[in-house]
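One-letter residues, chain by chain:
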Amino acid sequence: SGLYRLGMRLLELGSLVKGRLDVRAMAIEAMRELHKITGQTVNLALRQADEIVYVERAWSENSGMLVVRAIGGHAPLHLTSSGKLFLSHFDNRQVRAYVMRTGLAGSTRNSITQLAQLENELALVRRHGYARDNEELEMGVRCIAAGIYDDTGTLIAGLSLSAPAERLRDAWIPVLQDTARNISVSLGFEPAQELK
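The structure presented is a predicted model; accordingly, all values stated were derived computationally and were not measured.

Asker: I'd like a description of the nonpolar core, backed by residues and values.
Answerer: Ranked by internal contacts, the top residues of the largest apolar core, which has 25 residues, are Leu44, Ile148 and Leu159. At the level of secondary structure, the elements contributing two or more residues to this core comprise α1 (8-38), β1 (41-48), β2 (51-58), β5 (141-149), β6 (155-164) and α5 (173-186). Setting aside chain neighbours within four positions, we find leucine 44 in contact with Val23, Arg24, Ala27, Met31, Val53, Tyr54, Val55, Glu56, Ile148, Ala157 and Gly158. Within the second largest apolar cluster, 24 residues are counted, among which are Ile52, Leu87, Leu122 and Ala145.

Put into structure tokens, the structure is as follows:
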């Protein structure tokens with residue numbers, strides 16, 4: 001009838017979806033390779049408001065743990081290694097606003113539930129360039145995550161290794177970071193550019 005027509009907002013939303021699909025498509029082979037190297041579950045997560053959402057996974061029966069968070073599952077930013085990556089890009093005011101909105105609810109005895117704890121943890125993430133989850137979301141499961149950046153230097157996803165607590169190895173951190181960097185480069189990121 002001519003009363004409705006497709007507008008720029010639809011194009012904008014389509015671009016957001018395309019960008020999210022691109023990171024999955026660009027990451028999956030590298031995730032499988034990382035799984036082969038470590039033998040552990042590899043997760044790809046995106047931020048959605050105050051949570052991360054798992055959008056892809058590479059794992060096998062030999063990973064040594066049941067996959068508790070299915071693809072499409074979500075968790076608070078402060079309880080996950082990938083979520084902490086996103087929080088580490090917040091300024092102090094944004095971190096405090098997150099704390100006020102969420103109350104920093106915990107799910108295990110290791111969960112970060114105080115602002116000072118969270119600020120200390122985020123300082124470590126910024127300094128080291130990767131994040132940890134030390135049985136903060138689920139007892140018996142530890143994770144490490146590195147960021148995936150797009151062509152503008154914006155953090156768009158977290159790539160994490162999840163393993164039974166006693167199996168997670170710090171020796172995997174460099175290969176995790178290299179994998180995340182390679183995926184970022186495939187998305188147009190130039191390692192020398194400023195991160196956002």
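Next comes the rest of the description.
Asker: An account of the side chain of aspartate 133 is requested, with residue identities and associated values reported.
Answerer: Here aspartate 133 is to be found in strand β4 (residues 131-134). Salt bridges are absent for the buried aspartate 133, whose nearest opposite-charge side chain, lysine 84, sits at 5.7 Å. Among the polar contacts listed, one links the side chain of aspartate 133 to the backbone nitrogen of glutamate 135, at a separation of 3.2 Å. Contact partners of aspartate 133, with chain neighbours within four places excluded, come to Leu79, Thr80, Ser81, Lys84, Val141, Arg142 and Cys143.

Asker: Summarise unusual backbone geometry; cite the residues concerned and give the values.
Answerer: One non-glycine residue, leucine 104, lies in positive phi territory at about 50°. Within the fold, leucine 104 resides in the loop between α3 (92-102) and α4 (115-128). In this structure, glutamate 135 takes a positive phi of about 60° despite not being glycine. Looking at the element boundaries, glutamate 135 is found in the loop between β4 and β5.

Calculation notes
- Residues numbered from 1 in each chain as written.
- Predicted model: local features only at pLDDT ≥ 70, side-chain atom pairs only at ≥ 80, totals over all residues.
- Heavy atoms only, no water.
- Core = buried A, V, L, I, M, F, W, Y, C linked by side-chain atoms within 4.5 Å.
- Buried < 20%, exposed > 50% of the residue type's maximum accessible area, 1.4 Å probe, protein only.
- Helix = DSSP H or I, 4+ residues; strand = E, 2+ residues; numbered from the N terminus.
- Contact = heavy atoms within 4.5 Å.
- Lys, Arg positive; Asp, Glu negative; His and termini not counted.
- Salt bridge = Lys/Arg side-chain N within 4 Å of Asp/Glu carboxyl O.
- Polar contact = N/O pair within 3.5 Å; in protein donor to acceptor, adjacent residues only side chain to side chain.

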